[in-house]
Amino acid sequence: MKTNHHRHYKSLAALLLSGALASACAAPSPSAAPAQPAAPAAGETFTVGMVIVGPMNDKGWNEAHVEGTKYVMQKMPNVKFEYVDRVNPGDRPNVKGSQVADELIAKGAKVVIFNSDDFKDDALETAKKHPNVVVIHASGDYAWSEGKNYKGQPNLGNLMSKMEPGWMIAGCASALGSENGKIGTVGPLINEETRRYASAAYLGAKYCWENYKKRDPKELQFKITWIGFWFNIPGVTLDPTKVADDFYNGGFDVVMSAIDTPEVAVQGKKAAEAGKRVKYHHYDYKGGCELAPDICLGVHYYNWGPGYLKIIQEAMAGTYKGTWTWAEADWKDLNNPDSSAFGYIKGKALGAENEKFLDEFIKGLGDGSIDLWKGPLNFQDGSVFLKDGERATDQQIWYLPQLLEGMEGPSQ
Amino acid sequence: MNGAAAPQTMTPPARAAGMPPTFYRIGAFAISLILVALVILISGASPVTVIGSMVGGAFGTADQIGRVIATLSPLLLCAAGLVYTFNAGLYNLGVEGQITFGAIAATWALRLLHPEGATASLLPPPVAIALAIFVGGVGGIAWGLLAGALHVYGRISEIFAGLGLNFAATGIAIYLIFGPWKRPGVASLSGTQPFDESLWLGTFGKTEATPVALALGLIALLMTIVVMRNTYFGLRLRAVGRNLRAAYVLGVPARRQLLSAFLICGLFAGVAGALQVVGVFHRLIPNVSSNLGFLGLLVVMLVNFDPLWILPVALFFSALNIGSLQLPLSLGLESSLSGVIQGLLVLFALLGRGLAQVYGRKPEG
């Protein structure tokens, strides 16, 4: 006689096994981290832990951080990094960033770096729990004494590259590379950072469309679709592959990536191979144009190395004080690995003539002759952001509450 | 009478006259261990190092032990709840959704009791937390009964009803996180604004383990052991599980029994979800269940539906879950390897049991 149970055995075994595999991917682990003194003895290995939100080799945001750590290790051979990547609820369902930090601190880390905006609460929790460990939150504003969310936690610091001009350059290159003025952006989630970045890209695109291409700004369509997170989480976010495809198939001849992972490049390559005249603009990672060189307009990439180096040197010396750093580019030498907080690499698809325009634009941004955060500028809903001649303050830029007039896509 | 025996009703074929049943079980376990070792070797590590570092990563420090307990508590609740549904012959795969909906309900309650921007909650924090856990339980019941109603009245397989409702619950959570409950000015799937610290469940020292969650898990388990072994309700549940028609003919109110099983499982899962919110994440996140419901299913299947053995097995799985973070950290291995280990153990335990039933020699007397 068979019961209900046996009726289902085979199908259940399969279902459960897949569940088991999924659930076990979750690996949390903690550890009571004793508070460590910040300054090590000379010659001793100094351990830095890094909590990474996505895959370490994503050809984007996360890999750029790992590159930064390699730079530090090259300059300071006695520094060792410990990494845990894919710390997000999709990949590790039962793990929080703060737990991973505990674990890294238990392994001897004296500095812990959280590499995503989403870790802001984990970073604060870790800093409170381990007052003798330097906690760095890459992005974020909890350590900005003039910011809105200052927490006054002495061992918590923020580091972020001032990438807004990088986004302006990216927008400019995209406009220069577009024939029909339809520029799509695959965006991550909506927050202050992504709003100001998208807006900066739009300002750059609009400027170059009008001033170098001499085209009517009305012909410029600048649309952003947000997927909901920094990268694809199947079943949770929109699928960036599909979003990119929709742009390429919908007549957008340039698609910009604003997410951590390379779907825009990969789908652009496929579309180009199928005969579409499309181009893409990459983000985050220096090698981004190598994904599809022939259709790449360029890539603005983070150069975390110098910023991390400075913090770790100070932490080693025991002099680090939690500060908020919005690290600037080196306009004299944008791609200088030792001095510039971001860099820009032009892609093959830009073309020689456009390269000249782009160089002119970059020069203008660097010497201040081109200042795009200047009024008159309106928000997306038509309200005034900056009056004529008014220049945005750092706070106004950082906490940009809406996208700008002329952009398509949700602001919140 | 042993509650575990309930689902074991497959009659061994008359021709079978093999080894004693334990032979198959031990054999299957041995094979699973060998395979686990092989998988670890193939991934380029030593089985001894891997097991050692996972054990060390689960019990090495107070924080780690705390986290094992923090994982164990909801797991006990889910596993205890699943004992009822399994014994009623139901595969309640919807347990994940019941956790999620419990978490949503608890978040809703806390948002009402401590509106955004308010400096203090409307009720004293311990009352607010207790109420949130209660509301979470009610949410879990609602989601469990929904699956039950679809099964009992709609004649939909509880497996598919449950899986469907899992998607629905996650969908609702994502909608709320991305929509009405989003952090001000932010649309991110990373979760809602964390609750005020006064609404966080107290912990053992600085660890993540909360005494309340552990107590609730143990109470649920103890209650389940008593109910399944010593009560008429438990007996009727097993009767329904063994043979629904026969139970019905003999006067057991089968529908009510089935719905009760869904209700209790939903309650426990909902409480687990609420605890994930007030005790672990302190906010609602899309994957708030952390797949602990599926893990609970594995635990209960591995212990052959007998609640007596849930505690050690759940503890083992929690430790595996926590310790596996050491794999990427210390050994540069994928932490999903622990999932493979877990899956192999369960698969072979089930296989051993099946073989024992089909080919095992019936014990004399």
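Treat the numbers as computed from the prediction; the structure is a model and nothing was measured.

Asker: How would you summarise the overall build of chain B if you had to cite specific residues and measurements?
Answerer: If you tally the helices and strands in chain B, you get 14 helices and zero strands. For chain B, the sequential pattern of α-helices and β-strands runs α-α-α-α-α-α-α-α-α-α-α-α-α-α. Its C-alpha atoms give chain B a radius of gyration of 22 Å, near enough to 21 Å, the size a compact globule of 365 residues would have. Expressed along its principal axes, the backbone C-alpha trace of chain B runs to roughly 75 × 55 × 30 Å. Burial statistics for chain B: of 365 residues in total, 58% are counted as buried. Considering only contacts in chain B between residues 6 or more positions apart, those separated by 24 or more positions represent 77%. Entry remark: accessible area of chain B is about 14,100 Å², with carbon and sulfur atoms responsible for 73%. One way to put it: in chain B the 19 positive side-chain charges average out to a point 15 Å from where the 10 negative ones average out.

Asker: Explain helix H6 (residues 158-178) of chain B to me, and be specific about the residues and the numbers.
Answerer: Structurally, the α-helix is built with 3.6 residues per turn, so residues lying three or four positions apart point the same way. Taking 1.5 Å of rise per residue, 21 residues should cover 30 Å, and H6 of chain B covers 29 Å from first to last C-alpha, within 8% of that figure. Buried within H6 of chain B are the following residues: Glu 158, Ile 159, Ala 161, Gly 162, Leu 163, Leu 165, Asn 166, Ala 169, Ala 173, Ile 174, Leu 176 and Ile 177 of chain B.

Asker: Residues and numbers for the sheet that holds strand S9 (residues 279-284) of chain A, please.
Answerer: Residue and element names in this part refer to chain A. Strand order in the open sheet formed by seven strands is S12-S10-S9-S8-S6-S7-S15, and the pairing between neighbours is mixed. The open sheet terminates on both sides in strands that have one partner only, identified here as strand S12 (342-346) and strand S15 (407-408). Direction of pairing for strand S10 (residues 296-302) relative to S12: antiparallel, over a ladder of five bridges. Bridge assignment links His 300 to a residue of S12, and that residue is Tyr 344.

Asker: Could you give me a rundown of the sheet that holds strand S1 (residues 46-51) of chain A, with the residues and numbers involved?
Answerer: All names here are of chain A. In space, the six strands of this open sheet follow the order S2-S1-S3-S4-S5-S11, with parallel pairing throughout. The two strands at the open ends of the sheet, each matched to only one other strand, are strand S2 (79-84) and strand S11 (324-327). The mean angle between the axes of side-by-side strands here comes to 20°, regardless of whether they run parallel or antiparallel. Seen against the sheet, helix H5 (residues 120-129) touches strand S3 (109-114), strand S4 (134-138) and strand S5 (156-161) and runs at an angle of roughly 170° to S4.

Asker: How would you explain unusual backbone geometry if you had to name every residue and give the values?
Answerer: In the segment running from Gly 375 of chain A into Pro 376 of chain A, the intervening peptide bond is cis, with an omega of 5°. Phi at Ser 139 of chain A takes a positive value of approximately 80°, unusual for a residue other than glycine. For Ser 139 of chain A, the location among the structural elements is in the loop between S4 and S5. The phi angle at Asn 291 of chain B is positive, at roughly 60°, despite the residue not being glycine.

Asker: With reference to specific residues and values, describe the side chain of Asp 102 of chain A.
Answerer: Residues and elements named next belong to chain A. Looking at the element boundaries, Asp 102 is found in helix H4 (residues 97-106). Overall, the relative accessible area of 2% leaves Asp 102 in the buried class. Among the polar contacts listed, one links the side chain of Asp 102 to the side chain of Lys 129, at a separation of 2.9 Å.

Asker: Describe the state of the cysteines, listing the residues and the values that go with them.
Answerer: All names here are of chain A. The tally for this structure, following the rule as stated, stands at two disulfides over all chains. Sulfur-sulfur distance for the disulfide between Cys 172 and Cys 208 comes to 2.0 Å. On the S-S bond that ties Cys 172 to Cys 208, the torsion sits near -100°, and the link is left-handed. Of this pair, Cys 172 sits in helix H6 (residues 164-177) while Cys 208 sits in helix H7 (residues 192-211); the two residues are 36 residues apart in sequence, bridging distant segments of the chain. Judged on exposure class, the residue Cys 172 and its partner Cys 208 are both buried. Between Cys 289 and Cys 296 runs a disulfide, and the two sulfur atoms are separated by 1.9 Å.

Asker: Explain the domain arrangement of chain A to me, using residue names and the numbers behind them.
Answerer: All names here are of chain A. Once the domains are mapped, chain A shows domain 1 (46-162 + 305-327) and domain 2 (164-302 + 342-408). For domain 1 versus domain 2, the distance between C-alpha centres works out to 27 Å. Taken together, the 29 residues of domain 1 in the interface contact 26 residues of domain 2. At the boundary of domain 1 with domain 2, total buried surface from both sides reaches about 2,300 Å², with 63% on carbon and sulfur atoms. Across the domain 1-domain 2 interface, the total number found is one salt bridge. In this structure, the salt-bridge partner of Lys 162 is Asp 394, at a minimum N-O distance of 3.5 Å. Applying the counting criterion to the domain 1 and domain 2 interface returns nine residue pairs in polar contact (both at pLDDT 80 or more). Looking at the side of domain 1 that touches domain 2, the elements with two or more residues in it are helix H3 (61-75), S5 and S11. Per-element accounting of the side of domain 1 that touches domain 2 gives the leading share, five residues, to H3. A breakdown of the residues in the side of domain 1 that touches domain 2 according to their chemical character gives seven nonpolar, eleven polar and eleven charged.

Asker: Account for the environment of Ile 65 of chain B, naming residues and giving values.
Answerer: Residue and element names in this part refer to chain B. Structurally, Ile 65 is set in helix H3 (residues 62-87). Judged by relative accessible area, which is 34%, Ile 65 ranks as partly exposed. For Ile 65 and Ala 209, which are 144 residues apart along the polypeptide, the C-alpha to C-alpha distance reads 8.2 Å. Those residues in contact with Ile 65 that lie beyond four places of it in its chain are Ala 58 and Phe 59.

Asker: A description of a nonpolar patch on the surface should follow, citing residues and the corresponding values.
Answerer: Residue and element names in this part refer to chain B. On the surface, a nonpolar cluster with roughly 390 Å² of combined accessible area is contributed by Ile 51, Val 55, Phe 59, Ile 65 and Leu 315. In this structure, Phe 59 sits in helix H2 (residues 47-59). A relative accessible area of 40% places Phe 59 in the partly exposed class.

Asker: Please give an account of the side chain of Ser 290 of chain B that cites residues and values.
Answerer: Mapped onto the elements of the fold, Ser 290 of chain B is located in the loop between helix H10 (254-281) and helix H11 (292-302). Beyond its immediate sequence surroundings of up to four residues, Ser 290 of chain B is in contact with Pro 93 and Asn 94 of chain A together with Gln 276 and Phe 281 of chain B.

Asker: Summarise the packing of helix H8 (residues 232-242) of chain B against H10 of chain B; cite the residues concerned and give the values.
Answerer: Residue and element names in this part refer to chain B. Close contact between H8 and H10 brings their axes to 10 Å; oriented N to C, the two are set at 110°. The angle between H8 and H10 places the two elements in the roughly perpendicular class. In this structure, H8 uses Phe 233, Arg 236, Leu 237 and Val 240 to contact H10, whose residues at the interface are Ala 254, Gln 257, Leu 258, Ser 260, Ala 261 and Ile 264.

Asker: Got a sec to walk through the packing of aromatic side chains? Specific residues and values, please.
Answerer: All names here are of chain A. Taken as a whole and judged by the stated rule, the model has 30 aromatic pairs over all chains. Measuring from centroid to centroid gives 5.0 Å for Trp 61 and Tyr 302, while their planes differ by 85°, and the two rings are edge-to-face. Pair noted here: Trp 61 is in helix H3 and Tyr 302 is in strand S10, with a separation of 241 residues, a long-range link. On the accessibility criterion, Trp 61 (5% relative accessible area) is buried. By relative accessible area, Tyr 302 is classed as buried at 4%.

What counts, and at which threshold
Residues numbered from 1 in each chain as written. Chains lettered and ligands numbered in written order. Predicted model: local features only at pLDDT ≥ 70, side-chain atom pairs only at ≥ 80, totals over all residues. Heavy atoms only, no water. Helix = DSSP H or I, 4+ residues; strand = E, 2+ residues; numbered from the N terminus. Rg over C-alpha atoms; globule rule 2.2 N^0.38 Å. Buried < 20%, exposed > 50% of the residue type's maximum accessible area, 1.4 Å probe, protein only. Contact = heavy atoms within 4.5 Å. Areas by Shrake-Rupley, 256 points an atom, 1.4 Å probe, with all protein chains shown as cover. Lys, Arg positive; Asp, Glu negative; His and termini not counted. Charge placed at Lys NZ, Arg CZ, Asp CG, Glu CD. Expected span 1.5 Å × (residues − 1). Pairing = 2+ DSSP bridges. Axes fitted to C-alpha atoms, helices over the stretch in contact; angles between N-to-C directions. Polar contact = N/O pair within 3.5 Å; in protein donor to acceptor, adjacent residues only side chain to side chain. Disulfide = S-S within 2.5 Å. Domains from an automatic or database assignment. Buried area = accessible area lost by both parts, 1.4 Å probe. Salt bridge = Lys/Arg side-chain N within 4 Å of Asp/Glu carboxyl O. Nonpolar A, V, L, I, M, F, W, Y, C, P; charged D, E, K, R; others polar. Patch = residues over 30% accessible without salt bridge, like charges linked within 9 Å, V, L, I, M, F, W, Y side chains within 5 Å. Parallel < 35°, antiparallel > 145°, perpendicular 65-115°, else oblique. Phe/Tyr/Trp six-rings, centres within 6.5 Å; stacked < 30°, edge-to-face > 60°.

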